[in-house]
Amino acid sequence: MSARLTIVVGVTGGIAAYKAVGVIRALVLDGHSVHVVATEAALRFVGRPTLEAISRNPVATDLYEGVAEVRHVALGQSADLIVIAPATANTIAKLAAGIADDLLGNTVLASTAPLVIAPAMHTEMWRNAATVANIATLRGRGIHIVGPASGQLTGADSGPGRMEEPEVIARVALRAAGVSPRPAATAVPEPVADVVVLSERRRANEAARLPRGGVDLAGRRVVISAGGTREPLDPVRFLGNRSSGRQGVALASAALARGADVVLVAAHLEVDPPEGVELVEVQTALELQSAVTEAARSADIVVMTAAVADYRPAETRDAKIKKSEAGETLTLELVANPDVLAGLAHDKRDGQVLVGFAAETEPDPSALIELGRGKLAAKGCDFLVLNQVGWSQGFATESNEVVVLRKGGDIVMEASGTKLSVADRILDVIA
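- Under an unreviewed UniProt entry, the protein chain has the name Coenzyme A biosynthesis bifunctional protein CoaBC and belongs to Leifsonia aquatica.
- If you open the UniProt record of the protein chain and go to Function (unreviewed entry), you find "Catalyzes two sequential steps in the biosynthesis of coenzyme A. In the first step cysteine is conjugated to 4'-phosphopantothenate to form 4-phosphopantothenoylcysteine. In the second step the latter compound is decarboxylated to form 4'-phosphopantotheine."

Below, the structure is given as structure tokens:
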């Protein structure tokens, strides 16, 4: 059982307000005391009775209610965690400026608790220079930003700006407060493989069709490696890894949507690459090294998402290794493959941006960050995207959770959600 927290959930006036009910429900089911502060605009989208029934507490809206108990500061002072979902562009602007003209603004200013916001708005609003600056300001203050995801918005619109799924918001929020959520309450079920493939293909195609209103990578040549390399033992067997290429394909789709010319160096993808990329297919680590090194010569940005084998067999047999000949044990001699990322860093041109990926199984978040900092220093890249992987995490799933470090080791971004929404967040940092 996780520690019981007092959580304030702020609900603001956007169409995604209905999804706030799921956030509240997840936090209540995890055993926490949840108090909803809704703006007047929010109550135009979702009713007070619904919010009170799900939270099991009265909903607070009016800055001038409960004046005797100084409610406008008492809520913030008592909170262990504040979550705002959805956070509209207007709300984000007011938070960045420190404006407290309603009960939610006062609650935030009166609190020292972790603050987690889940933006939701149209793509053009999310990419507007004012919103970009406001988000950067909030991140600089240590405020946790969850999403937004990319997908269907209101009407026929599709793109970045969709509020992240409630289970993801609840999970990230609890972790921000230093609490591990109970899996039953906040876990996102993993879809079966066929559903993952179809869903990722649909999301990639949606991203490729996005209007080029946000073209911050227009005219830039972006090289992305994706998938997992395979090192043959014989004509039948190979040494490989569990990377599906989904995150790399999502990055290619998101970069296309931002106007970039994209080269995708692909090793054994389990999803279709988006239309419009220059596709270079490879098999082994040595083939990937050759292809990426060549493509990087004319690239403005290189993103090494692929899981590249660290070792390859010293000898590749021309015929199948038979068990009858090898016996009960089989000893293989492996030799190290070249460090592709370090090689790219060594040859990097002035002005070129190099982004590495590091998948680690370290369960402790602090130790994971230290591993990432060590790897960043050793590789010499500009940014390192660090993510924890395991049997059911990171690889071959539709979602991801990453921390981005920049040269020197500072954390510049954390993101959790679908791989396409994570891709957009990574590109926000690069662009």
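## Some details on the overall build of the protein chain
Item 1. Secondary structure summary: the protein chain contains 16 helices and 19 strands in total.
Item 2. Burial status across the protein chain gives 51% buried among its 431 residues.
Item 3. Of all intrachain contacts in the protein chain linking residues separated by at least 6 positions in sequence, the fraction that spans at least 24 positions is 70%.
Item 4. Of the accessible surface of the protein chain, which amounts to about 19300 Å², a share of 51% is contributed by carbon and sulfur atoms.

## Examining the pattern of salt bridges
Item 1. Summed over the entire model, instances satisfying the criterion amount to 18 salt bridges.
Item 2. Residues Arg246 and Glu270 are paired through a salt bridge, measuring 4.0 Å at the closest nitrogen-oxygen approach. Of this pair, Arg246 sits in helix α11 (residues 246-257) while Glu270 sits in the loop between β11 (261-267) and β12 (278-282), and the two are 24 residues apart along the sequence.
Item 3. A salt bridge links Arg258 to Asp428; the shortest N-O distance between them is 2.6 Å.

## Description of the packing of helix α4 (residues 89-97) against helix α7 (residues 129-140)
Item 1. It is at 9 Å that the axes of α4 and α7 come closest, and there the two elements cross at 50°. Here α4 is positioned oblique relative to α7, judged by the angle of their axes. α7 is crossed by α4, and the crossing has left-handed handedness. Contacts between α4 and α7 involve Ala89, Ile92, Ala93, Leu95 and Ala96 from the first element and Thr131, Asn134, Ile135, Thr137 and Leu138 from the second.

## A closer look at the sheet that holds strand β13 (residues 301-304)
Item 1. The eight strands lie next to each other as β12-β11-β8-β13-β16-β17-β18-β19, forming an open sheet whose pairing is mixed. A strand with exactly one partner marks an edge of an open sheet, and here the two such strands are β12 and β19 (411-418). Looking at each pair of strands side by side, their axes are set apart by 15° on average, direction ignored.
Item 2. Pairing analysis gives five bridges linking β11 to β12, with the strands arranged parallel.

## Details of the environment of Pro86
Item 1. Turning to its location among the elements, Pro86 is positioned in strand β3 (residues 81-87).
Item 2. The spatial distance from the C-alpha of Pro86 to the C-alpha of Val11 is 6.0 Å, given a sequence separation of 75 residues.
Item 3. Ignoring sequence-local partners within four residues, the contact set of Pro86 consists of Val11, Thr12, Ala16, Ala17, Ala20, Ala118, Ala120 and Met163.

## Some points on the pairing of β11
Item 1. The buried fraction of β11 is high, at six of seven residues.
Item 2. As defined by bridge partners, strand β8 (residues 221-227) adjoins β11 across seven bridges and the pair is classed as parallel. The partner of Arg221 across the bridge, within β11, is Asp261.

## Details of the nonpolar core
One recurring pattern in soluble globular proteins is that nonpolar side chains are buried together.
Item 1. Residues Ile7, Val9, Leu27, Leu51, Val83, Met163 and Ile169 are the most contacted members of the largest nonpolar core, which totals 35 residues.
Item 2. Of all the secondary-structure elements, those providing two or more residues to this core are β1 (6-11), α1 (17-29), β2 (33-38), β3, β4 (115-119) and α8 (166-176).
Item 3. Residue contacts for Val83: discarding those within four places in its chain leaves Ile7, Val8, Val9, Gly10, Val23, Val116, Ile169 and Ala173.
Item 4. Among the nonpolar cores identified, the runner-up in size contains 33 residues, and Val262, Leu264, Val271 and Ala423 belong to it.

## So, the UniProt feature "binding site: CTP" (unreviewed entry) in the protein chain
Item 1. UniProt feature "binding site: CTP" (unreviewed entry): in the numbering of this structure it lies at Asp310, Lys320, Pro338, Asp339, Val340, Leu341, Phe357, Lys375 and Lys379.
Item 2. Here Pro338 is to be found in the loop between β15 (334-336) and α14 (340-346).
Item 3. The class for Pro338 is partly exposed, based on a relative accessible area of 32%.
Item 4. Setting aside residues up to four positions removed in sequence, Pro338 forms contacts with Leu286, Gln289 and Arg312.
Item 5. Tracing the chain through its elements places Phe357 in strand β16 (residues 353-360).

## What about a nonpolar patch on the surface?
Item 1. A surface patch of nonpolar side chains, about 380 Å² in accessible area, is lined by Tyr311, Leu330, Leu332 and Leu334.
Item 2. Tracing the backbone through its elements, the reader meets Leu330 in the loop between α13 (323-326) and β15.
Item 3. Assessed through its relative accessible area of 49%, Leu330 is described here as partly exposed.

## Observations regarding the environment of Asp102
Item 1. Take Asp102: it is sitting in the loop between α4 and α5 (103-109).
Item 2. The spacing of Asp102 and Glu40 is 62 residues in sequence and 9.2 Å in space, taken between C-alpha atoms.
Item 3. Not counting chain neighbours up to four residues away, the residues in contact with Asp102 comprise Thr39, Leu63 and Lys94.
Item 4. Within the local environment of Asp102, its side chain forms a polar contact with the backbone nitrogen of Gly105, the two atoms lying 2.8 Å apart.

Rules and cut-offs
Residues numbered from 1 in each chain as written. Predicted model: local features only at pLDDT ≥ 70, side-chain atom pairs only at ≥ 80, totals over all residues. Heavy atoms only, no water. UniProt positions renumbered as here; feature names shortened; annotations may be inferred. Helix = DSSP H or I, 4+ residues; strand = E, 2+ residues; numbered from the N terminus. Buried < 20%, exposed > 50% of the residue type's maximum accessible area, 1.4 Å probe, protein only. Contact = heavy atoms within 4.5 Å. Areas by Shrake-Rupley, 256 points an atom, 1.4 Å probe, with all protein chains shown as cover. Salt bridge = Lys/Arg side-chain N within 4 Å of Asp/Glu carboxyl O. Axes fitted to C-alpha atoms, helices over the stretch in contact; angles between N-to-C directions. Parallel < 35°, antiparallel > 145°, perpendicular 65-115°, else oblique. Left-handed = near helix turned anticlockwise from the far one by under 90°. Pairing = 2+ DSSP bridges. Core = buried A, V, L, I, M, F, W, Y, C linked by side-chain atoms within 4.5 Å. Patch = residues over 30% accessible without salt bridge, like charges linked within 9 Å, V, L, I, M, F, W, Y side chains within 5 Å. Polar contact = N/O pair within 3.5 Å; in protein donor to acceptor, adjacent residues only side chain to side chain.

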